[in-house]
Amino acid sequence: MKANDIEDTKGFITTPFAAVNLALGGGIAVGKITEVAGSWSVGKSTFAYQVIGAAQKQGRPCLLLDAERAYSKEYGASLGVDNSQLDIFRAKTAEEYLDHSIEWMETKKNKGGLVVCDAIGALLPKEEAEKTSEGRSIGLQARLLGSYSRKLTSILDDNEIAFLALNHTFVPLGQMSVASSGGKKWEYARAVWLILSGAYGQPIKKDASGLKTLIPMRLEIRKNKMVANMGMKIDLSLIQGAGFVGDTVNAPLPRKKGRPKSTPLS
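Parameters and conventions
Residues numbered from 1 in each chain as written. Predicted model: local features only at pLDDT ≥ 70, side-chain atom pairs only at ≥ 80, totals over all residues. Heavy atoms only, no water. Helix = DSSP H or I, 4+ residues; strand = E, 2+ residues; numbered from the N terminus. Polar contact = N/O pair within 3.5 Å; in protein donor to acceptor, adjacent residues only side chain to side chain. Contact = heavy atoms within 4.5 Å. Salt bridge = Lys/Arg side-chain N within 4 Å of Asp/Glu carboxyl O. Buried < 20%, exposed > 50% of the residue type's maximum accessible area, 1.4 Å probe, protein only. Expected span 1.5 Å × (residues − 1). Bend = angle between axes of the 7 residues up to and from the residue. Axes fitted to C-alpha atoms, helices over the stretch in contact; angles between N-to-C directions. Parallel < 35°, antiparallel > 145°, perpendicular 65-115°, else oblique. Left-handed = near helix turned anticlockwise from the far one by under 90°.

Q: Would you take a moment to explain the side chain of Gln141 for this structure?
A: Residue position: Gln141 is located in helix 6 (residues 140-159). From its side chain, Gln141 meets the backbone oxygen of Leu123 in a polar contact 2.9 Å long. In contact with Gln141, not counting residues within four places along its chain, are Ile120, Gly121, Leu123, Pro125, Ser181 and Gly182.

The following block contains the structure:
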């Protein structure tokens, strides 16, 4: 093979969010690992479900590795997921999840598909599962994911699969920077690393009862092998229970200013 014969990109899965597609060069990269990491309850799973729905509309088979056992058919359907076409896998150990994903990706009918792992931090190595609550298991997950990521790189490329990993963020002891689970080998393997968080300083919109209706969120690009824009921030808006505002979710109508009209007593 000559260098001229190499495909620079195998395409993208277009997300429902125009700003995300623009920043990432087209969407979630096919043949690569994209990670969305963040703290608890920032909308990582919601974001992923909306991407699954968009991928299905583009005719792509989808697999959800539901390591957190958090997927709800009703919520997924409300975000555009076709449950009748979504492959979902639940198991006990990380080895079962990873082996199943490789088998799925190497099946001919799933070529060009999308795999979502929810979440990397929830994968439980078999050795750790067999220990008591007092058992020590330092580095097991990182070692397992290091081996998996080395296999994953060629499998994704050969089968034109997009891999979207959700992950948990934390601050390493003695450091100020944010990291996510999986170890150094996993960090090297991912092509795109996005941090999802609240857009601090921007006001949260509420309804008359005080319920949050529109929450400003932000995706920060921490690593991007597809486009040279590391450090770029993408503004998103999250509606509680309805998803991120985009092609399939409309922003709520703004509240009318002024005092509400009083209702005359009968």
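Having seen the model, we can carry on.
Q: What is the right way to look at the pattern of salt bridges in this model?
A: Side-chain pairing between opposite charges can occur once the charged atoms of the two side chains come close. Tallied over the full model, the rule gives six salt bridges. Asp66 is the partner of Arg90 in a salt bridge, and the nearest nitrogen-oxygen pair spans 2.8 Å. Linking Arg90 in the loop between strand 5 (86-89) and helix 4 (94-105) with Asp66 in the loop between strand 4 (62-65) and helix 3 (73-78), this pair joins segments that are 24 residues apart in sequence. Relative accessible area serves as the criterion here: at 42%, Arg90 is assigned to the partly exposed category. Taking the relative accessible area as the measure of exposure, Asp66 reaches 0% and is therefore buried.

Q: So what exactly am I meant to see when it comes to helix 6 here?
A: Residues spaced three or four apart along an α-helix point in a common direction, a consequence of the helix completing one turn every 3.6 residues. Taking 1.5 Å of rise per residue, 20 residues should cover 28 Å, and helix 6 covers 28 Å from first to last C-alpha, within 8% of that figure. A maximum bend of about 30° is found in helix 6 at Leu152. Of the positions making up helix 6, those classed as buried are Leu140, Gln141, Leu145, Gly146, Tyr148, Ser149, Leu152, Ile155, Leu156 and Asn159. Where helix 6 is buried, its residues touch strand 3 (33-38), helix 4, helix 5 (126-129), strand 7 (162-170) and helix 7 (183-189).

Q: How do you make sense of the packing of helix 4 against helix 6 when you look at a structure like this?
A: Helix-helix packing is described using two parameters, namely the angle between the two axes and the distance between the axes. Where helix 4 meets helix 6, the closest approach of the two axes is 10 Å, and the angle between their N-to-C directions is 15°. Of the possible angle classes, the one that applies to helix 4 and helix 6 is roughly parallel. In the crossing of helix 4 with helix 6, the sense of the turn from one axis to the other is left-handed. Between helix 4, through Ala94, Glu95, Leu98, Ser101, Ile102 and Met105, and helix 6, the contact on the second element is made entirely by Leu144, Leu145, Tyr148, Lys151, Leu152, Ile155, Leu156 and Asn159.

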